[in-house]
Amino acid sequence: MAAADLWLTGSGTEMQLARIRAIAIISTLAIIGITLAVITLNRDTQSDAPVTQSCPAGFVPVDNTLPDSESEVKINVYNATTTVDLARNVAADFTNRKFKVEKTGNEKKAQPDIVAELRYGPKTVGAAQLLKAYFLNDVEPVFDIKRENDTIDVIIGGQFKQLATPTEMRQAVAALGRPVLPEGTCAEKP
């Protein structure tokens, strides 16, 4: 074999040293890149900035995130019909679906022309969206910007038949999409 041929193909020792240097350089660059990425992510201050700072002056921040499960939602159930024990029966259905039922009772004013009415405040906008789905989105939402508790009042009207099945509820949630922010409010979380 001629010297020129050896130079083109490289001797075994020279090729091994070149490969070792290349691997060492690439490994060092990879370690530096990973280290810089970890440092950058750990020092990022944007993820800790409160989103409520971006609310316009005078707007009220609301929780418009859908709850992870029904067990996170507290409700009161009231009967606005002449049907005896309707609130207690509907409350039992909600309890079977894992909702936290706090109170049941009769509503002062009869509402024969509605399926249901939901009364809620800034802390329960997302939870109200979930409840709407259990009535197949056929509810009268009543948002009270001054309401400070995290409980939703469910008023059962004269047109009520039954709560949606789990499958119907999921389809209704999908049809509703993200909760719409009530007037004068902004999202507490993105």
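Preceding block: the structure.
Residues numbered from 1 in each chain as written. Predicted model: local features only at pLDDT ≥ 70, side-chain atom pairs only at ≥ 80, totals over all residues. Heavy atoms only, no water.

1. Let's talk about the pairing of strand S3 (residues 100-106)
The pairing of strand S2 (residues 74-79) with S3 spans 6 bridges and is classified as parallel. For Ile75, the partnering residue across the bridge sits in S3 and is Val101. One crossover worth recording links S2 to the parallel S3 by way of helix H3 (residues 86-96), and it is right-handed. (Pairing = 2+ DSSP bridges. Helix = DSSP H or I, 4+ residues; strand = E, 2+ residues; numbered from the N terminus. Right-handed = clockwise from strand over helix to strand, strands pointing away.)

2. Looking at the nonpolar core
Ile75, Phe94, Leu131, Phe135, Ile152 and Val154 are the most contacted members of the largest nonpolar core, which has 31 residues in total. Every element with two or more residues in this core is listed here: S2, H3, strand S4 (116-120), helix H4 (125-134), strand S6 (151-156) and helix H5 (166-176). Excluding anything up to four places from it in sequence, Phe94 contacts Ile75, Val77, Phe99, Val101, Leu131, Tyr134, Phe135, Val154 and Leu163. (Core = buried A, V, L, I, M, F, W, Y, C linked by side-chain atoms within 4.5 Å. Buried < 20%, exposed > 50% of the residue type's maximum accessible area, 1.4 Å probe, protein only. Contact = heavy atoms within 4.5 Å.)

3. Quick look at a nonpolar patch on the surface
On the surface, Ile25, Leu29, Ile32 and Leu36 cluster together into a nonpolar patch covering about 410 Å² of accessible area. Along the polypeptide, Ile25 turns up in helix H2 (residues 12-43). (Patch = residues over 30% accessible without salt bridge, like charges linked within 9 Å, V, L, I, M, F, W, Y side chains within 5 Å. Areas by Shrake-Rupley, 256 points an atom, 1.4 Å probe, with all protein chains shown as cover. Salt bridge = Lys/Arg side-chain N within 4 Å of Asp/Glu carboxyl O.)

4. Some points on unusual backbone geometry
Among all residues except glycine, the phi angle is most often negative; among peptide bonds, the trans geometry is most common. Positive phi values are uncommon outside glycine, yet Asp85 reaches one of about 65°. Along the polypeptide, Asp85 turns up in the loop between S2 and H3. On the basis of relative accessible area, Asp85 is assigned to the partly exposed category, the value being 36%. Although it is not a glycine, Asn137 sits at a positive phi angle of roughly 65°. Residue position: Asn137 is located in the loop between H4 and strand S5 (140-143).

5. Concerning the environment of Thr82
Here Thr82 is to be found in the loop between S2 and H3. When the C-alpha positions of Thr82 and Ala110 are compared, they lie 7.8 Å apart, and in sequence the two are 28 residues distant.

6. Considerations on the side chain of Arg147
Tracing the chain through its elements places Arg147 in the loop between S5 and S6. Its relative accessible area of 14% is what places Arg147 among the buried residues. Among the polar contacts listed, one links the side chain of Arg147 to the backbone oxygen of Arg119, at a separation of 3.0 Å. Within the local environment of Arg147, its side chain forms a polar contact with the backbone oxygen of Thr151, the two atoms lying 3.1 Å apart. Not counting residues up to four positions away in its chain, the partners in contact with Arg147 are Arg119, Tyr120, Gly121, Pro122, Ile152 and Asp153. (Polar contact = N/O pair within 3.5 Å; in protein donor to acceptor, adjacent residues only side chain to side chain.)

7. Looking at H3
Taken together, the buried positions of H3 are Leu86, Ala87, Val90, Ala91 and Phe94. Along H3, the residues classed as buried sweep out an arc of 130° about the axis, all on the same side. Those residues of H3 that are exposed and aimed more than 90 degrees away from the buried face are Arg88 and Asn96. Summarising the contacts, the buried residues of H3 are in contact with S2, S3, H4 and S6. Of the residues trailing H3, Lys98 is marked for its positive phi of about 80°. (Arc of directions from axis to C-beta.)

8. So, the packing of H4 against H5
Closest axis-to-axis distance for the H4/H5 pair is 8 Å, and the angle between their directions is 125°. Of the possible angle classes, the one that applies to H4 and H5 is oblique. You can see that H4 and H5 cross each other, and the crossing is right-handed. Only Met169, Ala172, Val173 and Leu176 of H5 make contact with H4, whose side of the interface consists of Gln129, Leu130, Lys132, Ala133 and Tyr134. When grouped by side-chain class, the residues that make up the contact of H4 with H5 number 7 nonpolar, 1 polar and 1 charged. (Axes fitted to C-alpha atoms, helices over the stretch in contact; angles between N-to-C directions. Parallel < 35°, antiparallel > 145°, perpendicular 65-115°, else oblique. Left-handed = near helix turned anticlockwise from the far one by under 90°. Nonpolar A, V, L, I, M, F, W, Y, C, P; charged D, E, K, R; others polar.)

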